Amino acid sequence: MQGPDLSALDPAYLKAISEIRGRLTDEQIADVLERYVAGGIDRDEAMESLDVNYLGVLYTAVSVYKIERPELDQAEIERGAEAVRMWRNGEHVPVELRQPASWKVRH
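**What to know about the nonpolar core**
Reasoning step 1: Core analysis: the biggest nonpolar cluster contains 23 residues, and Ile17, Leu33, Tyr36, Leu50, Leu58 and Tyr65 have the highest contact counts within it.
Reasoning step 2: If you list the elements that add at least two residues to this core, you get helix 1 (11–23), helix 2 (26–38), helix 3 (43–50) and helix 4 (55–64).
Reasoning step 3: Here this core gets 6 residues from one element, more than from any other, and that element is helix 2.
Reasoning step 4: Leave out the neighbours within four places in its chain, and Leu33 touches Leu50, Leu58, Ala61, Val62, Tyr65 and Ile67.

**So, helix 4**
Reasoning step 1: Here helix 4 lies mainly inside the structure; 7 of its 10 residues are buried.
Reasoning step 2: Among the residues of helix 4, those classed as buried are Gly56, Val57, Leu58, Thr60, Ala61, Val62 and Val64.
Reasoning step 3: The secondary structure elements touched by the buried residues of helix 4 are helix 1, helix 2 and helix 3.
Reasoning step 4: Lys66 sits one or two residues past helix 4 and shows a positive phi near 55°.

**As for the environment of Leu6**
Reasoning step 1: As for its position among the elements, Leu6 is in the segment before helix 1.
Reasoning step 2: Through-space distance from the C-alpha of Leu6 to that of Glu76 is 36 Å; in sequence the pair is 70 residues apart.

**Observations concerning helix 1**
Reasoning step 1: Taking 1.5 Å per residue, 13 residues should reach 18 Å; helix 1 reaches 19 Å between its end C-alpha atoms and fits that length.
Reasoning step 2: Among the residues of helix 1, Ala16, Ile17 and Ile20 are the ones counted as buried. End-on, the buried residues of helix 1 take up no more than an arc of 90°, which puts them together on one face. Facing away from the buried side of helix 1 by over 90 degrees, the exposed positions are Pro11, Lys15 and Gly22.
Reasoning step 3: In this structure, the buried side of helix 1 is in contact with helix 2, helix 3 and helix 4.
Reasoning step 4: One side-chain oxygen at the N-terminal end of helix 1 lies 2.9 Å from the backbone nitrogen of Ala12; it belongs to Asp10.

**Let's talk about unusual backbone geometry**
Reasoning step 1: Here Asp51, not a glycine, exhibits a phi torsion of approximately 55°, which is positive.
Reasoning step 2: As for its placement among the helices and strands, Asp51 is situated in the loop between helix 3 and helix 4.
Reasoning step 3: Taking the relative accessible area as the measure of exposure, Asp51 reaches 56% and is therefore exposed.
Reasoning step 4: Within the chain, Lys66 stands out as a residue other than glycine whose phi angle is a positive 55°.

**A closer look at the pattern of salt bridges**
Reasoning step 1: Counting across every chain of the model gives 6 salt bridges.
Reasoning step 2: Residue Arg85 is joined to Glu82 by a salt bridge in which the shortest nitrogen-to-oxygen separation is 2.7 Å. Taken as a pair, Arg85 and Glu82 lie in helix 5 (residues 74–88) at a separation of 3 residues, close to a single helical turn.
Reasoning step 3: According to the relative accessible area criterion, Arg85 is partly exposed, its value standing at 37%.
Reasoning step 4: Glu82 sits in the partly exposed class, given a relative accessible area of 31%.
Reasoning step 5: Two residues, Glu91 and Arg85, come together in a salt bridge whose shortest N-O distance is 3.3 Å.
Reasoning step 6: A cluster of three or more residues bridged by salt bridges with shared partners is formed by Glu82, Arg85 and Glu91.

Rules and cut-offs
Residues numbered from 1 in each chain as written. Predicted model: local features only at pLDDT ≥ 70, side-chain atom pairs only at ≥ 80, totals over all residues. Heavy atoms only, no water. Core = buried A, V, L, I, M, F, W, Y, C linked by side-chain atoms within 4.5 Å. Buried < 20%, exposed > 50% of the residue type's maximum accessible area, 1.4 Å probe, protein only. Helix = DSSP H or I, 4+ residues; strand = E, 2+ residues; numbered from the N terminus. Contact = heavy atoms within 4.5 Å. Expected span 1.5 Å × (residues − 1). Arc of directions from axis to C-beta. Polar contact = N/O pair within 3.5 Å; in protein donor to acceptor, adjacent residues only side chain to side chain. Salt bridge = Lys/Arg side-chain N within 4 Å of Asp/Glu carboxyl O.

No statement about biological role is implied by the geometric values presented.
What follows is the structure, given as structure tokens:
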């Protein structure tokens, strides 16, 4: 893996990411960031794994390591939009629209 381009970073972020790179390989860093972006680990776990205490460092690392975000689920976006439209119009929003399709309907 080719390392990230750190040339345009603010000096504080450059220092923080350089410190991470001193402890972990680029592959290890990218693995943590990919799992974070994909939802496999939450923000706090990612920050703990990278040993950073400033959220901006995590977001900057995602950017400089060019971690791609998963494609949005268009069906879920449409379901959410329909639920919001119904709610704004004072209509009853069925449970099926209030929860993601992947969840079992809870009554």
